[in-house]
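# Residue-level structural notes
One letter stands for each residue in the lines below.
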Amino acid sequence: MKEKTPPYNFLQDEEGPRSMTGSCAVCKAQATQCCSGCHSVFYCCRDHQKQHWKIHKSQCTPYKLSISPELGYYLVAARDIRQGEVILRETPIIIGPKVVSLPLCLGCGRRLRVSENDDTYMCSGCGWPLCGPQCETCPEHVPECNLMKERGYRASIKLQGDGKKEASYCSIAPLRCLLLKKHDPAKYETILKLQSHLDERRDTSLYNIFKNNIVGFIQNALGLTEFSDETILRITAILDTNAFEIRRSEGDIKIRGLFPKAAMMSHDCKANTKHVFSGSKFDVEVITTVPIKKGEIISVTYTQTLWGTLARRAHLKQSKCFDCTCLRCSDPTELGTYLGAINCSLCKNKGKDSKIVSASPLDPSATWKCEDCGHSIPGRQISWGNDAIRQEITMLDKTKPESLENFLGKYKDALHPNNWHVLEVKYALSQMYGNMKGYLLSELSDALVERKINLCTELLEIADVLDPGASRLRGLLLYDLQAAMVVQAKRDLENEKITKSAAQDILAECMTLLQQSTEILKTEEDMKKLLEEKLVSLTKDLEFQ
Ligand SMILES: C[S@@+](CC[C@H](N)C(=O)[O-])C[C@H]1O[C@@H](n2cnc3c(N)ncnc32)[C@H](O)[C@@H]1O
């Protein structure tokens, strides 16, 4: 742990963060007692604490900042927290494009569609692509645009086409951080206090590329020589360690943002919070997905929940510079889900279904062994196999469910039914059936409606373990499951396969699933309207039956 000062002054104390004294929130006298809930405010005496409670009640946070040698700073629950509570709201200190990004507007962050004759609007001030003149004055874009104009720099970005990612955006977010030094020094200082892992990143090939491109652009093209290579690379590393990916389907937005308080949450491969972004400023809301007991760590996932341990740990090591040792990573069975498992061919030949899992999951090179016969496979071979299958999945024709079904057929014997590659394809199929052109629910054969129901049910069983409670994954799966069940029940009633009362029971069950899904997804801006409409139509169905 290098950074001793917390990046965000949770103690709101003029004497400096994490000091155990502060000034009384009422009379400003030197004070040693603090709010036992959030540890954020100081009082010189009990009377002043009581007096201040009226104000502090609404500001007292349900979390507090803690520190350990393993995690660095992290958040713990300061009291018991209910499932679904919004525990933190924060406006980003900066937002900007990801390191490699699809063409987007530097003003509003929306994705830009690039036509064949590339008539993308370019900012009249600096030449970067924007939606149109209305985005030239977006507050996010103005400081960098003014600087570029002042330095006589004009971008000449040749967008490579729709859906093609651009590396030229990599300097924008670091530049926005650096510009805060002049425009908002307090925010700049806050950014510099965040963890960077720069020493671990320094000689990686990525950082050598950043050194040429980002440092080169900022110092040479823009002439910002007051910032050293070290500072520019540190800021880049701080963004890589701390930024949240901001995704919003509305406007097709995929950017990144720095939220210094939310960034204090540590990672867990089975996290107890989710986060959503809202409004034009992309404010984050951190919401608990399960109840959290006082003293428990408040966690978020920095990686993909439905990846296997080898892939998650490699991703965390490369992007966040740490070795995850959470309960899920330490368990060869991944909490009984067998997400990494392959089938044992020797046992299969004898008519037995046995699973091969890592003998030591925290060691990426460890041998993998059959739980029954002990048949072993070198870890290296498992990693190669994973890479090859991932490659194969990226090449699948995602417009045709048959190509995905063929993949599942091909690996039926080799991979466990819950293996993460299998789950990825099953999830894609669960989305295609019922939602894709040519495969809308009303157009699906009875067999495919049944298939969708089975896929959603299987995936929900995994989500219940790895991403339980009010997670977005569970919300989406519950929604899709009930939609398919409604169609099946109506068809079965029409074809006299079930009685009216059985159909009513199924529709009532669907209503419960839809209510659960609505409760989970009501915080997601893009889902709210759809869910409200669906609830009204299902209520009508129930009344009609
Ligand atoms: C976004 S920051 C979180 C705040 C950070 N702990 C600090 O002290 O500033 C991410 C970094 O926290 C540490 N971290 C988070 N979760 C961890 C975990 N489960 N195990 C080990 N280190 C973790 C890693 O160093 C990681 O790169």
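Residues numbered from 1 in each chain as written. Predicted model: local features only at pLDDT ≥ 70, side-chain atom pairs only at ≥ 80, totals over all residues.

By the naming in an unreviewed UniProt entry, the protein chain goes by Protein msta and is assigned to Diploptera punctata.

## Let's talk about the site of the ligand
Contacts to the ligand come from 19 residues, most closely from Gly72, Tyr73, Gln195, Ser266 and His267. Looking at which element gives the most residues to the shell around the ligand, the answer is strand β6 (residues 72-77), with 3 residues. Broken down by class, the residue content of the shell around the ligand amounts to 10 nonpolar, 7 polar and 2 charged. (Near = placed C-beta within 6 Å. Helix = DSSP H or I, 4+ residues; strand = E, 2+ residues; numbered from the N terminus. Nonpolar A, V, L, I, M, F, W, Y, C, P; charged D, E, K, R; others polar.)

## Looking at the sheet that holds strand β14 (residues 273-278)
Read across the sheet, 3 strands follow the order β7-β15-β14 without closing on themselves; strand pairing throughout is antiparallel. Two strands lie at the open edges of the sheet, namely β7 (86-90) and β14, each paired on one side alone. Neighbour-to-neighbour, the strand axes of the sheet open up by a mean angle of 20°, direction not taken into account. For β14 and strand β15 (residues 283-288), the ladder comprises 6 bridges, and the chain directions are antiparallel. In the sheet register, Val276 faces β15, and the bridge partner there is Glu285. (Pairing = 2+ DSSP bridges. Axes fitted to C-alpha atoms, helices over the stretch in contact; angles between N-to-C directions.)

## Side note on the nonpolar core
Counting residues in each nonpolar core, the largest one holds 71 residues, and the members touching the most others are Ile191, Leu258 and Ala262. Mapped onto the domain boundaries, this core takes at least three residues apiece from domain 1 (1-60) and domain 2 (94-258). The residues contacting Ala262, other than those within four sequence positions of it, are Leu88, Glu90, Phe244, His275, Val284 and Val286. Within the second largest apolar cluster, 47 residues are counted, among which are Tyr338, Cys344, Cys370 and Ala483. (Core = buried A, V, L, I, M, F, W, Y, C linked by C-beta atoms within 7 Å. Buried ≥ 20, exposed ≤ 12 C-beta atoms within 10 Å, placed from the backbone. Domains from an automatic or database assignment. Contact = placed C-beta atoms within 7 Å.)

## A word on the environment of Ala77
Looking at the element boundaries, Ala77 is found in strand β6. Taking the C-alpha atoms as reference points, Ala77 and Lys64, separated by 13 residues in sequence, lie 6.5 Å from one another. Non-local contacts of Ala77, meaning those with residues more than four positions away in its chain, are made with Pro62, Tyr63, Ile292, Lys293, Lys294, Gly295, Glu296 and Ile298.

## Observations regarding the UniProt feature "domain: SET" (unreviewed entry) in the protein chain
Here, the residues flagged by UniProt with the feature "domain: SET" (unreviewed entry) are residues 51-303. Here residues 51-303 is 28% helix and 21% strand, with 44 Å between the C-alpha atoms at its ends. (UniProt positions renumbered as here; feature names shortened; annotations may be inferred.)

## Brief notes about the pairing of strand β12 (residues 253-258)
Where strand β8 (residues 94-96) and β12 come together, 3 bridges link them in antiparallel fashion. Among the inter-strand pairings, Ile94 is bridged to a residue of β12, identified as Leu258. Alignment of strand β11 (residues 244-248) against β12, held across 5 bridges, turns out to be antiparallel. Looking across to β12, one finds that Glu245 is bridged to Arg256.

## Remarks on helix α13 (residues 420-432)
With 13 residues, α13 should cover 18 Å at 1.5 Å per step; its first-to-last C-alpha distance of 18 Å lies within 8% of that length. The buried fraction of α13 amounts to 10 of the 13 residues, a majority that puts the element mostly inside the structure. When we look at burial in α13, the residues that qualify are Trp420, His421, Val422, Leu423, Val425, Lys426, Tyr427, Leu429, Ser430 and Met432. Close packing links the buried residues of α13 with α11 (379-395), α12 (401-410), α14 (446-466) and α15 (472-494). Just beyond α13, the residue with positive phi is Gly434, at close to 105°. (Expected span 1.5 Å × (residues − 1).)

## Comments concerning the sheet that holds strand β5 (residues 63-68)
Taking strand neighbours across the sheet as the criterion, the 4 strands line up as β5-β6-β16-β13 in an open arrangement whose pairing is mixed. Of all the strands in the sheet, just β5 and β13 (266-267) have a single pairing partner and so form its edges. One ladder, built from 2 bridges, connects β13 with strand β16 (residues 297-300); its direction is parallel. Within the sheet, the bridge partner assigned to Ser266 lies in β16 and is Ser299.

## Brief notes about the packing of helix α2 (residues 142-150) against helix α3 (residues 172-183)
Between α2 and α3, the shortest axis-to-axis distance is 9 Å and the interhelical angle comes to 85°. Taken together, the axis directions place α2 and α3 in an arrangement best described as roughly perpendicular. From α2, Pro143, Glu144 and Leu147 reach across to α3, where they touch Ile172, Leu175, Arg176, Leu179 and His183. Residues belonging to the contact of α2 with α3 are distributed by class as follows: 5 nonpolar, 1 polar and 2 charged. (Parallel < 35°, antiparallel > 145°, perpendicular 65-115°, else oblique.)

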